[in-house]
Amino acid sequence: MKSFSTQNDKRIILIIGAGSKAAEAIGRVLAMSHGKYTIYWLTSGISKYIVPDGKTIFQGDFTNRKEIKDICLQLQPDMIINTAAYTDVDKSEIERQKAWQVNVIGVENLVAICRLTDAHLLHFSTDYIFDGEHGPYSETDKPNPLGYYAKTKMAGENACIGGNIDYTIIRTNVLYGATNALKQDFVMWTLKKLADGKRFSVVNDQYSNPTLIDDIGCLVDKIVRTRAKGIFHAGGSDWVSRYDFARMIAKIFREDESLLSPMTTEDLRQAAPRPLRGGVIPYKAETTFGMKFSGIESGLLTMRRQLQIAGHHEWTL
Ligand SMILES: NC(=O)c1ccc[n+]([C@@H]2O[C@H](COP(=O)([O-])OP(=O)(O)OC[C@H]3O[C@@H](n4cnc5c(N)ncnc54)[C@H](OP(=O)(O)O)[C@@H]3O)[C@@H](O)[C@H]2O)c1
């Protein structure tokens, strides 16, 4: 195993997908590491992103092998954290090439670079690799991806696992939390619908354990510190239906809960099949790293407070 490089005795970390929700939370936590790391960011430029002070950001396409290889040979990262993904589950059914390009070819490129440079790859995956028959799932459960997005994420995992590199995979589900750009997540979607003041329906048969992005930041910090390898499930401590999650959102953000009504997945007719009893059991991560993932109430209160501090009063009155 390669020891961490010592440019000014700092570990060099490259975060791919700078504009993702996960990357923003990871950046917030790693920034509190008292300068132990030199952090670089790669963005495709797809999303508007407010670059954290003092960080270095590159624009580039990690699905282009030469482009990402040149960047990595220049930076010589000790660890590459890949948060980038084609995350639109329904569009992935139609835009199959795009989804494969980002979720598989991009990951294969990173694996090849890690093999070449001995860098450690920390990669993000999803509970959607499971079929949702018997969730929530532990790390040892057998995957059976249903839709095309799920299949690309499974193939991305397999590229890491079979790549003969040091890798860590974090499987998570339903990420939410405050971001600079108020990126779309289930909470922001629900808040916007509630603000419209019209009645709307949310599925009551899709179960997950929504995960606060700040907890993802903490987990990544622990993995970076310990260089832990393998697969870790990362999910909040409450396992709920989307409908119940939406009700909690209305309650914590003091919106009108009566605008919500339940519906079934069958009636919603989403393009991609959904694992109904999804979610991940985070005990391995919690016991390995001595941490506890937030429940929904405390997670939403944290998000609300962060939005207030950031001046987004339109959502927090
Ligand atoms: N959100 C969830 O509920 C959820 C659930 C389970 C698993 N995950 C996994 O967790 C990870 C992070 O998810 P997230 O929700 O934080 O992501 P996100 O907010 O949807 O952002 C994904 C980022 O990927 C990058 N990206 C997208 N298309 C790209 C392309 N064609 N080429 C290069 N980069 C591209 C973009 O960043 P730049 O513009 O900066 O390049 C984009 O902001 C992903 O691997 C996702 O599959 C997420």
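Residues numbered from 1 in each chain as written. Predicted model: local features only at pLDDT ≥ 70, side-chain atom pairs only at ≥ 80, totals over all residues.

### A short note on unusual backbone geometry
Argument step 1. With an omega of 0 degrees, the peptide bond running from G135 to P136 counts as cis.
Argument step 2. Topologically, P136 is positioned in the loop between strand 5 (120-126) and helix 5 (148-161).
Argument step 3. Positive phi outside glycine occurs at V174, with the angle close to 40 degrees.
Argument step 4. Mapped onto the elements, V174 comes out in the loop between strand 6 (167-172) and strand 7 (175-176).
Argument step 5. Residue class for V174 comes out buried when judged on the 21 C-beta atoms lying within 10 Å of it.
Argument step 6. In this structure, R269 is a non-glycine residue whose phi angle is positive, near 55 degrees.
Argument step 7. Here R269 lies in the loop between helix 9 (265-268) and helix 10 (283-289). (Helix = DSSP H or I, 4+ residues; strand = E, 2+ residues; numbered from the N terminus. Buried ≥ 20, exposed ≤ 12 C-beta atoms within 10 Å, placed from the backbone.)

### Overview of the nonpolar core
Argument step 1. Core analysis: the largest hydrophobic core is formed by 89 residues, its most contacted members being L14, I15, I26, I80, I81, L121 and I216.
Argument step 2. With 8 residues, the single largest contributor to this core is helix 4 (residues 96-117).
Argument step 3. Viewed by domain, this core spans two of them, domain 1 (11-176 + 211-234) and domain 2 (186-208 + 238-315), each represented by three or more residues.
Argument step 4. Discounting residues that sit within four places of it in the chain, L121 has contacts with I80, N82, L110, V111, C114, C160, I165 and Y167. (Core = buried A, V, L, I, M, F, W, Y, C linked by C-beta atoms within 7 Å. Domains from an automatic or database assignment. Contact = placed C-beta atoms within 7 Å.)

### What to know about the domain arrangement of the chain
Argument step 1. Each assigned domain of the chain is listed with its residue range as follows: domain 1 (11-176 + 211-234) and domain 2 (186-208 + 238-315).
Argument step 2. Relative to domain 2, the C-alpha centre of domain 1 lies at a distance of 23 Å.
Argument step 3. At the interface, 36 residues of domain 1 touch 28 residues of domain 2.
Argument step 4. Contributions of two or more residues to the side of domain 1 that touches domain 2 are made by helix 3 (91-94), helix 5, strand 6, strand 10 (211-212), helix 7 (213-226) and strand 11 (230-234).
Argument step 5. Considering each element in turn, the side of domain 1 that touches domain 2 owes the most residues, 5 residues, to helix 7.

### A short note on helix 4
Argument step 1. Compared with the 32 Å implied by 1.5 Å per residue over 22 residues, the 31 Å span of helix 4 between its first and last C-alpha is a close match.
Argument step 2. V102 marks where helix 4 bends most, by close to 30 degrees.
Argument step 3. Burial in helix 4 covers these residues: A99, V102, N103, V104, G106, V107, N109, L110, V111, I113 and C114.
Argument step 4. The inward-facing, buried residues of helix 4 contact helix 2 (65-75), strand 4 (79-82), helix 3, strand 5 and helix 5.
Argument step 5. Following helix 4 by one or two positions, D118 has its phi on the positive side, about 65 degrees. (Expected span 1.5 Å × (residues − 1). Bend = angle between axes of the 7 residues up to and from the residue.)

### Examining the sheet that holds strand 5
Argument step 1. Strands sit in the order 3-2-1-4-5-6-11 across an open sheet of 7 strands; the sheet is parallel. Single-partner strands in this sheet number two, and they are strand 3 (56-59) and strand 11. Going from strand to strand, the sheet's axes swing by 20 degrees on average, the running direction of each strand aside.
Argument step 2. In terms of strand pairing, strand 1 (residues 11-16) meets strand 2 (residues 37-43) through 6 bridges, oriented parallel. Looking across to strand 2, one finds that I16 is bridged to L42.
Argument step 3. Relative to the sheet, helix 7 contacts strand 1, strand 4, strand 5, strand 6 and strand 11, its axis offset from that of strand 6 by approximately 165 degrees. (Pairing = 2+ DSSP bridges. Axes fitted to C-alpha atoms, helices over the stretch in contact; angles between N-to-C directions.)

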